[in-house]
Amino acid sequence: MTPPSIPPAHGSTPPSPLDLGGRTALVTGAAGGIGRACALRLAAAGAKVRAVDRDAAGLESLAEHAQDLGGAVEPHVLDLTDLAAAEQAAADTDVLVNNAGLQLVRPLEEFPPDTFHTVLTVMLEAPFRLIRGALPHMYGQGWGRIVNVSSVHGLRASAFKSAYVAAKHGLEGLSKVAALEGASHGVTSNCVNPGYVRTPLVEKQLADQARAHGIPEERVLAEVMLQDSAVKRLIEPEEVAEAVAYLCTPQASFVTGTSLVIDGGWTAH
Ligand SMILES: NC(=O)c1ccc[n+]([C@@H]2O[C@H](COP(=O)([O-])OP(=O)(O)OC[C@H]3O[C@@H](n4cnc5c(N)ncnc54)[C@H](O)[C@@H]3O)[C@@H](O)[C@H]2O)c1
């Protein structure tokens, strides 16, 4: 007897490399680390990338590097604490990658309130304003991709990171609401959640972590950062960029409102 035929999971779309030809992608925090890797990955897929950062020199170097590789990256110098400008910058964007971030490691009782406010502004309120600025165009064309670079700290807490953990947990909620509202307009919204990635943000926190935990700096990597990771290495920015790229593929069109964890097994505990 012939078994009943089962239709393919994603219609007739074969697996294919990412093609973002004709699309505009905005990446925040694109001057360095993960943002730079995302900008280069999306440019390699054919997108015109609007690279947003407050670091003008970093953006210039990114744009030159992208040009050498044949990609189109347009630098847009902007401090994301200027929320109105952030919202404006997101107009006419097809792919939005909310990535910019900063970190301060301090016990709660010593945490400066103005830094708490800045972290929440850049890492939660700016993504809200960027999404708000991007949605009219995405809804108008019935297609859009929002990728929020969250962290394991969007799902788990660590001591001494009150602002960062609060902002990332908030970003997870914002991302899910965008997924629910965007679904009927062809817009997906997801988080990617790396463990520790080899970037300046991590290098800069080695001394802070050593002081907060009362151990020498050379022990921070093994005893603090990689303690809960089953895979004992840092993640490379390009690995995170690949997860961001996956969420922009046609094969990921049913993936929304979720968190793609890339943590070497940290949250498996
Ligand atoms: N590095 C890690 O281990 C790690 C792990 C998980 C998640 N993340 C997240 O990945 C994202 C990128 O982190 P990274 O490690 O590449 O950091 P990074 O410090 O290398 O890059 C962050 C970028 O954000 C920019 N930025 C900061 N404040 C800004 C502002 N007010 N306006 C405009 N730009 C601003 C910086 O100039 C910088 O280019 C962050 O959201 C971070 O929380 C990082």
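Residues numbered from 1 in each chain as written. Predicted model: local features only at pLDDT ≥ 70, side-chain atom pairs only at ≥ 80, totals over all residues. Heavy atoms only, no water.

**Student:** Which parts of the structure should I look at to understand the pairing of strand β1 (residues 24-28)?
**Tutor:** The side chains of a regular strand alternate, first on one face of the sheet and then on the other. The buried fraction of β1 amounts to 5 of the 5 residues, a majority that puts the element mostly inside the structure. Direction of pairing for β1 relative to strand β2 (residues 48-53): parallel, over a ladder of 5 bridges. Along β2, the bridge assignment pairs T28 with V52. For the handedness criterion, the β-α-β arrangement of β1, helix α1 (residues 33-44) and β2 is classed as right-handed. For β1 and strand β4 (residues 95-98), the ladder comprises 3 bridges, and the chain directions are parallel. Its bridge partner being in β4, V27 is matched across the sheet by V97. (Buried < 20%, exposed > 50% of the residue type's maximum accessible area, 1.4 Å probe, protein only. Helix = DSSP H or I, 4+ residues; strand = E, 2+ residues; numbered from the N terminus. Pairing = 2+ DSSP bridges. Right-handed = clockwise from strand over helix to strand, strands pointing away.)

**Student:** Before we go on, may I ask you to explain the site of the ligand in this structure?
**Tutor:** Within the structure, the ligand sits among 27 residues, and D53, N99, Y164, V197 and T199 are positioned closest to it. Take D53: an N or O atom from its side chain is 2.6 Å from an oxygen atom of the ligand. Within the backbone of N99, a nitrogen or oxygen atom sits 2.6 Å from an oxygen atom of the ligand. When the ligand is considered free in solution it has 830 Å² of accessible area, and contact with the protein chains removes 95% of it. Elements with a contribution of two residues or more to the shell around the ligand: α1, α5 (162-182) and α6 (200-213). Considering every element that reaches the shell around the ligand, the biggest residue donor is α6, with 3 residues. (Near = heavy atom within 4 Å. Polar contact = N/O pair within 3.5 Å; in protein donor to acceptor, adjacent residues only side chain to side chain. Areas by Shrake-Rupley, 256 points an atom, 1.4 Å probe, with all protein chains shown as cover.)

**Student:** What exactly am I supposed to notice about the side chain of T199 here?
**Tutor:** Relative to the helices and strands, T199 is located in the loop between β6 (187-194) and α6. Beyond its immediate chain neighbours, meaning those up to four positions away, T199 contacts G33, I34 and P237. (Contact = heavy atoms within 4.5 Å.)

**Student:** Looking at this model, I keep getting lost on the nonpolar core. Mind explaining?
**Tutor:** Note that soluble globular proteins tend to have their nonpolar side chains buried in a common cluster. Grouped together as the largest cluster of nonpolar side chains are 37 residues, with contacts concentrated most on L42 and V49. Elements that contribute at least two residues to this core include exactly β1, α1, β2, α2 (56-68), β4, β5 (144-149) and α8 (237-247). Among residues more than four places away in sequence, those in contact with V49 are A25, V27, A39, L42, A43, A72, V73 and E74. (Core = buried A, V, L, I, M, F, W, Y, C linked by side-chain atoms within 4.5 Å.)

**Student:** Help me out: how do you make sense of the sheet that holds β5 in this one?
**Tutor:** Strand pairing in a sheet relies on backbone hydrogen bonds. The paired strands run either parallel or antiparallel. Taken in spatial order, the 7 strands of this open sheet run β3-β2-β1-β4-β5-β6-β7, and their pairing is parallel. Unpaired on one side and paired on the other, β3 (72-77) and β7 (259-262) mark the two borders of the sheet. Averaged over neighbouring strand pairs, the angle between their axes works out to 20° when direction is ignored. Pairing between β5 and β6: 6 bridges, direction parallel. Paired with G144 across the strands is V187, a residue of β6. Its contacts with the sheet place α2 against β2 and β3, and it is angled at close to 170° to β3. (Axes fitted to C-alpha atoms, helices over the stretch in contact; angles between N-to-C directions.)

**Student:** Looking at this structure, how should I read the pairing of β2?
**Tutor:** For β2, the tally of buried residues reaches 5 of 6 residues, placing the bulk of the element in the interior. In this sheet, β3 lies alongside β2 in parallel orientation, the contact comprising 6 bridges. Paired with K48 across the strands is A72, a residue of β3.

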